[in-house]
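Chain residues, written in single-letter form:
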Amino acid sequence: MMTDRFARALGWTSLALGAAQLVAPRAVTRLCGVDDAPRPTAVARLVGGRELLHAALLLGAKNPAKWAWTRVAGDAMDLSVLGRAAANRTGARRTRVLAALGAVAGLTALDAVCARGGTAKAKSPLQVRASITINKPREEAYRFWHELENLPTFMIHLDSVRTIDQRRSRWKAKGPIVDLEWEAEIIDERAGNLIAWRSVPGTGIATAGLVSFTDGPGGRGTVVDVSLEYGAPGHRRLAAAVARLLGEHPEQQVRDDLRRFKQVMETGEVMRSEGSPEGHRARRQLHQRPAQPVGGRA
């Protein structure tokens, strides 16, 4: 989050620099000591346009930090040009070029820090979280989830979960291209409160999860909180792709799974409608169709 805010601040910096070079190119080139170069205003406007492109990427992107590398590349160009300009000038003009060179070097350092932060973020595991309140006692909700073979009744991406022993299980999911299978193990459990699991290394995809159960406000119902993690460090984009193979966008997927869990716990099945008429198993909802009005006015 802080890295993205940093990137957006750099985006505003690019916007200001770009606007200045487009609106007042002569003043900018004079301030930088390069107003004696060939066609200085045209070059300043080109650099200004580039800065506005940086601004658009950094201010408009959902994950702006990864675009900070575009500013680093632009900084390298500017440092090269200003370095040659400083070598070819003397007196007050050379002083102004060196001042501009120092300012660009400072911005380059900031851009590099932000870009590295964006790269580190891209290499971290993909994490999603969601919660829901269901109108059932905590122990009952815990017992249902603890029977892992129940999970496909509300997790749309799962085809089956087969228990191997008290801690290990075999999971199978049907993706749009290939089927996925892996083994998972329970790494922590506290009766009535928490279950944590992770995939066994080398048995398929890398994933982990934790579900906690707490009493709802005033002791009414149960708050179910789920955290999921996809992929290992260095493969965030691949992890996101794997997560999408398992169903919807990961964040929406876990929210929808919890909504179906609530339906199963409170009514005994996933609710049917004109939009989702297929069976009680969650995966069959992949065949849902747009809802149509029932009856109509004469």
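Residues numbered from 1 in each chain as written. Predicted model: local features only at pLDDT ≥ 70, side-chain atom pairs only at ≥ 80, totals over all residues. Heavy atoms only, no water.

The name recorded for the protein chain in an unreviewed UniProt entry is SRPBCC family protein, from Nonomuraea salmonea.

A. Structural context of the environment of S199. Residue placement: S199 occurs in strand β5 (residues 194-199). The spatial distance from the C-alpha of S199 to the C-alpha of I186 is 8.9 Å, given a sequence separation of 13 residues. With near-sequence residues (within four places) excluded, S199 lies in contact with W182, E183, A184, I205, A206 and T207. (Helix = DSSP H or I, 4+ residues; strand = E, 2+ residues; numbered from the N terminus. Contact = heavy atoms within 4.5 Å.)

B. Looking closely at the confidence of the model for the protein chain. Residues with a pLDDT of 70 or more make up 79% of the protein chain, whose mean pLDDT is 81. Across residues 232-236, confidence stays below pLDDT 50; counting only partners more than four residues off in sequence or on other chains, it has twelve contacts. Between residues 277-298, whose pLDDT stays under 50, and residues either more than four places distant or in other chains, the model counts 39 contacts. (pLDDT = per-residue confidence, 0-100.)

C. Up close: the pairing of β5. Counting buried positions along β5 gives five out of six residues, so the element sits mostly inside the fold. Strand direction decides the pairing type here: strand β4 (residues 179-190) and β5, joined by six bridges, are antiparallel. Each residue of the ladder has a partner; that of E185, found in β5, is R198. Hairpin remark: β4 followed by β5, antiparallel, with three residues in the connecting loop; positive phi at G192, about 80°. (Buried < 20%, exposed > 50% of the residue type's maximum accessible area, 1.4 Å probe, protein only. Pairing = 2+ DSSP bridges.)

D. Structural detail: the environment of L10. Within the secondary structure, L10 is located in helix α1 (residues 2-23). Not counting residues up to four positions away in its chain, the partners in contact with L10 are L58, R71, L110, D111 and C114.

E. The packing of helix α3 (residues 40-60) against helix α4 (residues 68-87), seen in detail. Interaxial distance between α3 and α4 falls to 9 Å at its minimum, and their mutual angle equals 160°. Relative to α4, the element α3 lies roughly antiparallel. Remark: the crossing between α3 and α4 carries left-handed chirality. Residue-level inspection shows V47, R50, E51, H54, L57 and L58 of α3 in contact with α4, the latter providing A68, T70, R71, G74, M77 and D78. Of the residues contributing to the contact of α3 with α4, the split by class is five nonpolar, three polar and four charged. (Axes fitted to C-alpha atoms, helices over the stretch in contact; angles between N-to-C directions. Parallel < 35°, antiparallel > 145°, perpendicular 65-115°, else oblique. Left-handed = near helix turned anticlockwise from the far one by under 90°. Nonpolar A, V, L, I, M, F, W, Y, C, P; charged D, E, K, R; others polar.)

F. Layout of the sheet that holds β4. If you trace the seven strands from one edge of the open sheet to the other, you get β1-β7-β6-β5-β4-β3-β2, paired in antiparallel fashion. On the outer flanks of this sheet lie β1 (126-134) and β2 (158-163), each paired with one strand and no other. Neighbour to neighbour, the strand axes of the sheet diverge by 20° on average, direction disregarded. Two elements, β5 and strand β6 (residues 207-215), share five bridges in a ladder whose sense is antiparallel.

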